[in-house]
Amino acid sequence: MVGMSGAYGGHSNGGESRAPKEAVVVRAPKEAVVVGAPPPGPPEMEMAGVVHKVAAQPAQSTASKMKGKVKETFFPDDPFGSFKGQPLRAQWVLAARYLFPVLEWLPGYSLSLFKSDLVAGLTIASLAIPQGISYAKLANLPPIIGLYSSFVPPLVYAVLGSSRDLAVGPVSIASLIMGSMLRQAVSPSAEPMLFLQLAFTSTFFAGLVQASLGILRLGFIIDFLSKATLVGFMAGAAIIVSLQQLKALLGIVHFTTQMGIVPVMASVFQHTNEWSWQTILMGACFLALLLAARHVSIRWPRFFWISACAPLASVIVSTLLVFLFKAQNHGISIIGSLKCGLNRPSWDKLLFDPTYLGLTMKTGLVTGIISLTEGVAVGRTFASLKDYQVDGNKEMMAIGLMNIVGACTSCYVTTGAFSRSAVNHNAGCKTAMSNVVMALTVMVTLLFLMPLFVYTPNVVLGAIIIAAVIGLIDLPAAYNIWKMDKMDFLVCLCAFAGVIFISVQEGLAIAVGISIFRVLMQITRPRMMIQGNIKGTDIYRNLHQYKEAQRVPGFLILTVEAPINFANTNYLNERTKRWIEDESSSGNKQNELRVVILDLSAVPTIDTSGIAFLIDLKKSTEKHGLELVLVNPTGEVMEKIQRANDAHNHFRPDSLYLTTGEAIASLSGFAKMATP
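By convention here, each chain's residues receive numbers from 1 onward along its written sequence. This being a predicted model, a pLDDT of at least 70 is required before a residue's local features are given, and a value of 80 or more before pairs of side-chain atoms are given or counted; all residues contribute to the totals for chains, interfaces and linings. To obtain the side-chain values, all non-hydrogen atoms of the structure were used and water was disregarded.

1. Some remarks on the overall build of the protein
Part 1 of the argument: In DSSP terms, a helix is any run of H or I states spanning at least four residues, a strand is any run of E spanning at least two, and both are numbered starting from the N terminus. A count of helices and strands for the protein gives 25 helices and 14 strands.
Part 2 of the argument: Out of the 676 residues belonging to the protein, those deemed buried represent 51%.
Part 3 of the argument: Carbon together with sulfur atoms contributes 63% to the accessible area of the protein, which is approximately 31,500 Å² in total. Each residue gets one of three labels from its accessible area relative to the maximum for its type: buried under 20%, exposed over 50%, partly exposed in between, using a 1.4 Å probe on protein chains only. In these tables, accessible area is a Shrake-Rupley quantity obtained with a 1.4 Å probe, and a residue counts as shielded only by the protein chains included in the view.

Here it is, written out as structure tokens:
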């Protein structure tokens, strides 16, 4: 008997004629009529019945296999490949460039590049200043914290980040989540200092989670947030963020702290006596102006600077109007005085009290994952437009470290914002120096211009937030998901509904849970199908997909398109036995089932439970007088089969074939010779 490493597909009966090592030739008498044979193929396929061997995978040690799996899991991009064959000094230089991407572009930086980055930096600064103030209000933090968060983190990212286009700062979704989660335990108005401490601590944990994912190369975890999940989540969050601004747009003083659409709308109509027509008029006018500017920039991309400058222009104009007409005395609320000065150290404000430790860790985890997903996605999007690579793990480390540093310098959670990055890209940025220019512009504002924001009305900040987040509602993407995959659309819809009807974090948890459940269903209920022969060829395909495919009499050809493991062996066993019973009970003696062929071409891996399934199936078919044949087991599967054979020899060489056509041609001949 030939060993498994050189297994052949021939039969072990007397009809087998042994050939050289490369093949086993099976011949039947010319005058015989073969029972259950497939339709004859073209002449080139009717050559001698050469049956090719099923080769085993080259022998590897367990250590080598583990090393390969670890490398493919954690280092699929081979980050240290460039170090091979380099002298020690060159390796140190490469290591420094890997850790500090700024060293890749700074030595060759030129005046022409700086001119482009200067324009881009000043442009995004005009957007970052009003957005920073607005998003800090959204997180229930002092407005100055939003400007602090647009100063230090961009400087850190410019040194550590690998994206040329990413513009760093606070973002609406993370601000909303942080504000809502912390407000459940502490009132920002009753205990502002404690609330601020919790915000800094949550930012520290967010950065810790983000940096850890990058250092440990566990970025694949964020892949559980599928595109469908993100589209639904972002749309729902955008609506919730917009609804929260009704407090500012209508001038309501007593507003609900809940996030769902029902309590928010109930609060709006329960306090109609607090509505201020002056606030409503100003808010409607500036919101219309901002939306019009956004529409112009979308319709004519060369006018991107209109939407970029519109928020700052709105702040300046509205502040002048309030100052000139003393509007603060007529129902329009204003920001109030803001102190000049740069970021104050806040490491002494990090609070690790056991009372709030669970809350800050949970808030940091949620905001960290959400902001990291947004930042990496935005960076990769613009990198693809300019045809350069963004290292996901470097981005995670950069975003994480800038949030850790930010937590110690009076900043809250930041990441790469889509709106600012789009403006940065359209403004012609060349390197991360645009972030430095933006940070320096914010620094000048913090040092000298803060008194100018005293009369800035809160209603305009609310309008700026609405105009910014409305772009997160991606209806074309939702429609495409509906057309492509109804199950994905269900995930998208659940994420959307969970956010607007329950809360942001619960909605996200529901969507992720549904996505994971769908993956588990695909694992536990893998795709399994019956194949037939396409007449006149040696091709075998799914009977339901190819109408011209025909069943081969006497053969049941099954294929599995998934790994076989402990999670799905029971299903595969039951499904296979049901098909065998259906075929055996057909009552047609002419086409009586004789052979079950299991095509393993699409099975990449198998575990011990999977091997046990194949052995049990082999025994079950033999009890019913049937023969089980395995076709084209892949390397890892073949290796496991070989190990199983070393103990009990369940699968003889004559039960393994390289192709379905060879198996049928060989076994049809033997079926004929067994016929009296």
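Next comes the rest of the account.
2. Focus on the packing of aromatic side chains
Any aromatic ring pair is given by two values, namely how distant the centres are and how the planes are angled relative to each other.
Part 1 of the argument: Put simply, two rings from Phe, Tyr or Trp (the six-membered ring, in Trp's case) pair if the centres are within 6.5 Å, and we call them stacked under 30 degrees between planes, edge-to-face over 60, tilted for the rest. In this structure the tally under the stated criterion is 9 aromatic pairs.
Part 2 of the argument: Here the aromatic residues Phe204, Phe205 and Phe352 are joined through ring pairs into a cluster of three or more.
Part 3 of the argument: In this scheme, the term charge over a ring applies when either NZ of a lysine or CZ of an arginine sits within 6 Å of the ring centre and within 35 degrees of the ring normal. Directly above the aromatic system of phenylalanine 323 lies the positively charged group of lysine 326, at a separation of 5.1 Å from the ring centroid.
Part 4 of the argument: Sitting above the plane of the tryptophan 579 ring, arginine 575 keeps its charged end 3.8 Å from the centroid.

3. Quick look at the packing of helix α9 (residues 227–244) against helix α11 (residues 261–270)
Part 1 of the argument: Here α9 crosses α11 at 20°, and the two axes come no closer than 10 Å. Here α9 lies roughly parallel to α11, going by the angle between them. Relative to α11, α9 is oriented so that their crossing is left-handed. The residues of α11 that touch α9, namely those facing Ile240, Leu243 and Gln244, are Ile261, Val264 and Met265.
Part 2 of the argument: Basically, the charged four are Asp, Glu, Lys and Arg, the nonpolar ten are Ala, Val, Leu, Ile, Met, Phe, Trp, Tyr, Cys and Pro, and anything else, Gly included, counts as polar. Residue composition of the contact of α9 with α11, grouped by class: 5 nonpolar, 1 polar and no charged. To define axes, lines are fitted to C-alpha atoms, for helices over the stretch in contact only, and angles between the resulting N-to-C directions are given on a 0 to 180 degree scale. Reported orientations rely on four angle classes, namely roughly parallel under 35 degrees, roughly antiparallel over 145, roughly perpendicular from 65 to 115, and oblique for the rest. We call a crossing left-handed when the near helix sits turned anticlockwise from the far one by less than a right angle, and right-handed when that turn is clockwise. Should any heavy atoms of two residues lie within 4.5 Å, those residues are considered in contact.

4. Considerations on the nonpolar core
Part 1 of the argument: As used in this record, nonpolar core signifies buried Ala, Val, Leu, Ile, Met, Phe, Trp, Tyr and Cys residues forming a set joined through side-chain atoms within 4.5 Å. Formed by 103 residues in total, the largest nonpolar core has its most connected members in Leu141, Ile145, Ile173, Ile177, Phe233, Tyr412 and Leu446.
Part 2 of the argument: With 11 residues, helix α8 (residues 192–215) is the single largest residue contributor to this core.
Part 3 of the argument: Membership of the second largest hydrophobic core comes to 33 residues, among which are Met528, Ile530, Leu600 and Met638.

5. Examining the pattern of salt bridges
Part 1 of the argument: By definition here, a salt bridge exists when the distance from a side-chain nitrogen of Lys or Arg to a carboxyl oxygen of Asp or Glu is within 4 Å. On inspection of all chains with the given rule, the structure shows 8 salt bridges.
Part 2 of the argument: Between lysine 394 and glutamate 104 there is a salt bridge, with the nearest N and O atoms lying 3.8 Å from each other. One end of the pair, lysine 394, is in helix α15 (residues 392–407); the other, glutamate 104, is in helix α3 (residues 102–105), and 290 residues separate them in sequence.
Part 3 of the argument: With relative accessibility at 11%, the residue lysine 394 sits in the buried group.

6. Describing the confidence of the model for the protein
Part 1 of the argument: The quantity called pLDDT is the predictor's confidence in a given residue, expressed from 0 to 100. Confidence in the prediction of the protein, expressed as mean pLDDT, is 83, and 87% of residues score 70 or more.
Part 2 of the argument: Low confidence marks residues 1–48, where pLDDT is under 50. Its contacts with residues over four positions away, or in another chain, come to 105 contacts.
Part 3 of the argument: Note on residues 670–676: pLDDT is under 50 here. Beyond four places in sequence and across chains, it has 15 contacts.

7. Side note on the pairing of strand β8 (residues 528–534)
Part 1 of the argument: With 7 of its 7 residues buried, β8 lies for the most part within the structure.
Part 2 of the argument: One requirement defines pairing of two strands: DSSP has to find at least two bridges between them. Bridge count between β8 and strand β11 (residues 555–560): 3 bridges; the pairing is antiparallel. When the bridges of β11 are listed, methionine 529 appears paired with threonine 559.
Part 3 of the argument: Judged from the 3 bridges that link them, β8 and strand β9 (residues 540–542) form a sheet pairing that is antiparallel. Note that in β9 the partner of glutamine 531 across the bridge is asparagine 542.
Part 4 of the argument: With antiparallel pairing between neighbouring strands as the criterion, β8 and β9 make up a hairpin whose turn holds 5 residues, including glycine 536 at a positive phi of roughly 80°.
Part 5 of the argument: Inspection of the sheet shows β8 paired to strand β10 (residues 549–550) by 2 bridges, in the antiparallel sense. Residue isoleucine 534 lies in a different strand from β10, and its bridge partner there is alanine 549.

8. Overview of the UniProt feature "transmembrane region" (unreviewed entry) in the protein
Part 1 of the argument: UniProt positions are given in the numbering used here, feature names are shortened, and annotations may be inferred rather than shown by experiment. In the UniProt entry, the feature "transmembrane region" (unreviewed entry) is given for residues 219–241, 248–269, 275–292, 304–325, 396–415, 436–454, 460–482 and 489–517.
Part 2 of the argument: Split by type, residues 304–325 is 100% helix and 0% strand. Its first and last C-alpha atoms lie 32 Å apart.
Part 3 of the argument: Secondary structure within residues 460–482 divides into 78% helix and 0% strand; the distance between the first and last C-alpha atoms comes to 36 Å.

9. Quick notes on the environment of phenylalanine 501
Part 1 of the argument: Relative to the helices and strands, phenylalanine 501 resides in helix α20 (residues 486–501).
Part 2 of the argument: Note on phenylalanine 501: relative accessible area 52%, which makes it exposed.
Part 3 of the argument: Considered as a pair, phenylalanine 501 and proline 263 are 238 residues apart in the sequence and their alpha carbons are 9.1 Å apart.
Part 4 of the argument: Phenylalanine 501 has contacts with Gly260, Ile261 and Val262, leaving out every residue within four places of it along the chain.

10. A few points about a nonpolar patch on the surface
Part 1 of the argument: A grouping of Phe220, Ile221, Phe224, Ile516, Val519, Leu520 and Ile523 is seen on the molecular surface, where their side chains present a nonpolar patch of about 560 Å² in accessible area.
Part 2 of the argument: Overall, isoleucine 221 belongs to the partly exposed group, its relative accessible area being 37%. Each patch is built from salt-bridge-free residues with over 30% relative accessible area, joining like charges within 9 Å and nonpolar side chains (Val, Leu, Ile, Met, Phe, Trp, Tyr) within 5 Å.

11. Focus on the side chain of serine 410
Part 1 of the argument: Secondary-structure assignment places serine 410 in the loop between α15 and β7 (415–416).
Part 2 of the argument: Note on serine 410: relative accessible area 6%, which makes it buried.
Part 3 of the argument: Polar contact criterion, stated in full: a pair of N or O atoms within 3.5 Å, where within protein one must be able to donate a hydrogen and the other to accept it, and residues adjacent in sequence count only if both atoms are side-chain atoms. At 2.4 Å, the side chain of serine 410 forms a polar contact with the backbone oxygen of arginine 344.
Part 4 of the argument: Look past the residues within four positions of serine 410 in its chain and what remains in contact with it is Ile145, Tyr148, Phe200, Arg344, Pro345 and Ser346.

12. Comments concerning the environment of histidine 425
Part 1 of the argument: Tracing the sequence through the fold places histidine 425 in helix α16 (residues 418–426).
Part 2 of the argument: Sequence spacing of histidine 425 and leucine 166 is 259 residues, and the spatial spacing of their C-alpha atoms is 8.2 Å.

13. Let's talk about the state of the cysteines
Part 1 of the argument: Criterion for a disulfide: a pair of cysteine sulfur atoms at a distance within 2.5 Å. With the rule as written, the count across this model stands at 0 disulfides.
Part 2 of the argument: Cysteine 411 provides the cysteine sulfur closest to cysteine 408, a residue in no disulfide bond, and the two sulfurs are 9.7 Å apart.
Part 3 of the argument: Free cysteine cysteine 492: the closest other cysteine sulfur is in cysteine 494, separated by 9.3 Å.

14. Details of the packing of helix α12 (residues 277–299) against helix α13 (residues 304–325)
When two helices pack together, their arrangement is given by the angle between their axes and by how far apart the axes lie.
Part 1 of the argument: Relative to each other, α12 and α13 sit at 165°, their axes nearing to 7 Å. On the basis of their axis angle, the class for α12 and α13 is roughly antiparallel. Considering only the axes of α12 and α13, their crossing is right-handed. Every residue of α13 that contacts α12 at Met282, Phe286, Leu289, Leu290, Ala293, Arg294, Val296 and Ser297 is listed here: Phe304, Ile306, Ser307, Ala310, Pro311, Ser314, Val317, Ser318, Leu321 and Val322.
Part 2 of the argument: Its residues assigned to classes, the contact of α12 with α13 shows 13 nonpolar, 4 polar and 1 charged.

15. Structural notes on the environment of leucine 155
Part 1 of the argument: Structurally, leucine 155 can be placed in helix α6 (residues 152–160).
Part 2 of the argument: With 285 residues separating them in the primary sequence, leucine 155 and leucine 440 have C-alpha atoms 8.9 Å apart.
Part 3 of the argument: Leaving out residues up to four positions away in the same chain, leucine 155 has contacts with Val436 and Ala439.

16. Quick look at α11
Part 1 of the argument: For α11, the full list of buried residues reads Val264, Ser267 and Val268. Angular distribution of buried residues about the axis of α11 spans 105°; they occupy a single face of the element. In α11, those exposed residues whose orientation departs by more than 90 degrees from the buried face are Val262, Phe269 and Gln270.
Part 2 of the argument: On its buried face, α11 sits against α9 and α10 (246–250). As used here, the arc belongs to the directions running from the helix axis to the C-beta atoms.

17. Overview of unusual backbone geometry
When glycine is set aside, most residues are seen to have a negative phi, and most peptide bonds are trans.
Part 1 of the argument: A positive phi angle is found at aspartate 387, which is not glycine, with a value near 60°.
Part 2 of the argument: Residue placement: aspartate 387 occurs in the loop between α14 (354–386) and α15.
Part 3 of the argument: Of the residues examined, aspartate 387 reaches a relative accessible area of 72% and is grouped as exposed.

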